[in-house]
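Summary of structural features
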Number of protein chains: 2
Amino acid sequence: MDMSGALLVVDDDVDVVRAARLALSLRHEKIDALNDIGTIELQVAATNYDAILLDMNFAAQRRDGSQGMDALSRILATDPDVSVILMTAFGSVNVAVEALKRGAVDFILKPWANDKLEASVAAAVDSTRRRRAAAGNLDIETLEKKAIEAALARAKGNLSVAATSLGLSRPALYRRLSKYGLLP
Amino acid sequence: MDMSGALLVVDDDVDVVRAARLALSLRHEKIDALNDIGTIELQVAATNYDAILLDMNFAAQRRDGSQGMDALSRILATDPDVSVILMTAFGSVNVAVEALKRGAVDFILKPWANDKLEASVAAAVDSTRRRRAAAGNLDIETLEKKAIEAALARAKGNLSVAATSLGLSRPALYRRLSKYGLLP
DNA sequence: CATCGGGTGTCCGATTACGGACGGTAGATG
DNA sequence: CATCTACCGTCCGTAATCGGACACCCGATG
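About the thresholds
- The residue numbering used here restarts from 1 in each chain and proceeds along that chain's sequence as written.
- Key to labels: chains lettered from A, ligands numbered from 1, both in the order written.
- Confidence filtering applies because this is a predicted model: local features only for residues at pLDDT of at least 70, side-chain atom pairs given and counted only at 80 or more, and all residues used for totals across whole chains, interfaces and linings.
- As a rule here, side-chain values cover all heavy atoms of the structure and leave hydrogens and water aside.
- Superposition of the copies used a least-squares fit over C-alpha atoms from residues whose pLDDT is at least 70 in both.
- Being near a molecule or strand, for a residue, comes down to having at least one heavy atom within 4 Å of it.
- N or O atoms closer than or at 3.5 Å make up a polar contact, with two conditions inside protein: a donor-capable atom paired with an acceptor-capable one, and, for residues adjacent in sequence, both atoms drawn from side chains.
- Numbering of helices and strands runs from the N terminus, with a helix taken as a DSSP run of H or I at least four residues long and a strand as a DSSP run of E at least two residues long.
- Residues are grouped as follows: Ala, Val, Leu, Ile, Met, Phe, Trp, Tyr, Cys and Pro are nonpolar; Asp, Glu, Lys and Arg are charged; every other residue, Gly included, is polar.
- A domain assignment, automatic or from a database, supplies the domain bounds used here.
- Working definition: with a 1.4 Å probe on protein chains only, accessible area under 20% of the residue-type maximum means buried, over 50% means exposed, and in between means partly exposed.
- Residue contacts are defined here by distance: any two heavy atoms, one from each residue, within 4.5 Å place the two residues in contact.
- The buried area of a pairing is the accessible area, by a 1.4 Å probe, that goes missing from both parts when the two are put together, added over both.
- Any Lys or Arg side-chain nitrogen located within 4 Å of an Asp or Glu carboxyl oxygen qualifies as a salt bridge.

**Considerations on the relation of the copies chain B and chain A**
Each of the two chain copies can be brought onto the other by rotation about an axis and movement along it. For the pair chain B and chain A, the superposition axis carries a translation of 0.1 Å, the fit reaches an RMSD of 0.1 Å, and the rotation angle comes to 180°. Both copies are brought into coincidence by an operation consistent with a two-fold rotation axis. Considering only C-alpha atoms, the part of chain B nearest the rotation axis is Val-93 of chain B, at 2.4 Å.

Shown next, in the form of structure tokens:
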């Protein structure tokens, strides 16, 4: 499985950016860096990143992670399908939980173990790709087929119940079962 | 907004169950308890709970949370729409992150603050209800309307692009826009 | 046993949906 | 200016879909 992706590392500490490149460049060809969250929306809108590594603090005295949380929201508003991994040296259980509840896909404490970072990024890239594929899979027939499969599963194979929940008559459902190759 | 829900507290410590009832019974009429995860699937299959509070350790020497993680998976396999809040006295950032990545909606450290527990449960009940409502909203027209709205948003109002991504001809899309009241 | 309720599979006259084609607009380009 | 490209809104001959109705089956019940 090819997990090479386009990554963005957002951190004002150049050593962190360097360490991340070192850990990830063997496997990922494109690793952009951004040291200031002020233009994060522009950057994210301009490139379909596969994963974003986002630090949580961007001012010397800040440790509460609120800047990273804010940036997370802005990133996801700009590109709802991208996976964001938050990074911090000052993590607590509460901050970690809050980050994930707000949509981060993972949370990495600094200093990280390289194999852990690699695994997290690989999973994030995979996640993003699945999300993009699903979002691109919008044709009416695919959605209809999936809905019918879901309704059948929920109705435990009862065709009458499934037809009702789908808002279809039974003959209409039979036609679709035949059309989509779902007949037993 | 009525947030009274059917709750299940899964913990082998009767003091925890008692404390949870005390904190939550003013607002929630049904609070079941289960002290052993062995029959968790049966319990969850028998009742449409709105939220489940799940301890992470069920044996005296166990602190790693693996029993709770296992139970979480089993609960979600049985009822994919229910919100599960994990609880433990031995939480770490890694355990918390792993819990949320596996599908828990929140993570509470013991001993908890009652207002925090209440808020978490209220959000979980709301979440579960939204999930159930969405799962029950399976009629073909609703799904089709939503798909069209999503495609229009992605295509930034470009009808030709939206029609193509939906697998429809432009006249077919126009008919649906008219049918669903989506014409500008 | 007969009856009821719930479900299955199919048919056919009526209705609706389909998409290629037409005519038009707007912006970019030489 | 003329041309091209991309998009918009609509039409109409053809094709497909619609759902009430029919016949049947199965399990539960009196």
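**Topic: the protein's contact with DNA strand C**
As a matter of local geometry, DNA strand C sits amid 13 residues, with Leu-159, Ser-160, Arg-170 and Tyr-174 of chain A together with Arg-176 of chain B nearest to it. When the atoms of DNA strand C within 4 Å of the protein are grouped by moiety, sugar and phosphate amount to 54% of the total. Ser-169 of chain B is positioned with one of its side-chain polar atoms (N or O) 3.0 Å from a phosphate oxygen of DNA strand C. Take Arg-176 of chain B: an N or O atom from its side chain is 3.0 Å from a phosphate oxygen of DNA strand C. Broken down by secondary-structure element, the contributors of at least two residues to the surface near DNA strand C are helix 7 (159-166) and helix 8 (170-179) of chain A together with helix 8 (170-179) of chain B. For the surface near DNA strand C, the leading source of residues is helix 8 of chain B, giving four residues. Taken together, the residues of the surface near DNA strand C sort by class into six nonpolar, four polar and three charged.

**Things to note about the domain arrangement of chain A**
Entries for chain A in the domain assignment read domain 1 (6-136) and domain 2 (140-179). Distance between the C-alpha centres of domain 1 of chain A and domain 2 of chain A: 40 Å.

**Side note on the side chain of Asp-11 of chain B**
Residues and elements named next belong to chain B. For Asp-11, the location among the structural elements is in the loop between strand 1 (6-10) and helix 1 (14-24). According to the relative accessible area criterion, Asp-11 is buried, its value standing at 1%. Only 2.9 Å separates the side chain of Asp-11 from the backbone nitrogen of Asp-13, close enough to count as a polar contact. A polar contact of 2.8 Å, which involves the side chain of Asp-11, links it to the side chain of Lys-110. Excluding anything up to four places from it in sequence, Asp-11 contacts Val-16, Val-17, Leu-34, Asn-35, Asp-55, Phe-58, Met-87 and Lys-110.

**Digging into the interface of chain B and chain A**
Facing 27 residues of chain B, the contacting portion of chain A comprises 27 residues. Counting the surface lost from both chain B and chain A, the interface buries some 2,100 Å², and carbon and sulfur atoms represent 67% of this. On the chain B side of the contact with chain A, Val-93, Leu-138 and Ile-140 of chain B bury the most area, a combined 27% of that side's loss. On inspection of chain B and its partner chain A, the count reaches four salt bridges. Of the charged contacts, one joins Lys-101 of chain A and Asp-106 of chain B as a salt bridge, the two residues approaching to 3.0 Å between their closest N and O atoms. When residues of the side of chain B that touches chain A are traced back to their parent elements, those giving at least two are helix 4 (93-101), strand 5 (106-109), helix 5 (114-136), helix 6 (140-154) and helix 7 (159-166) of chain B.

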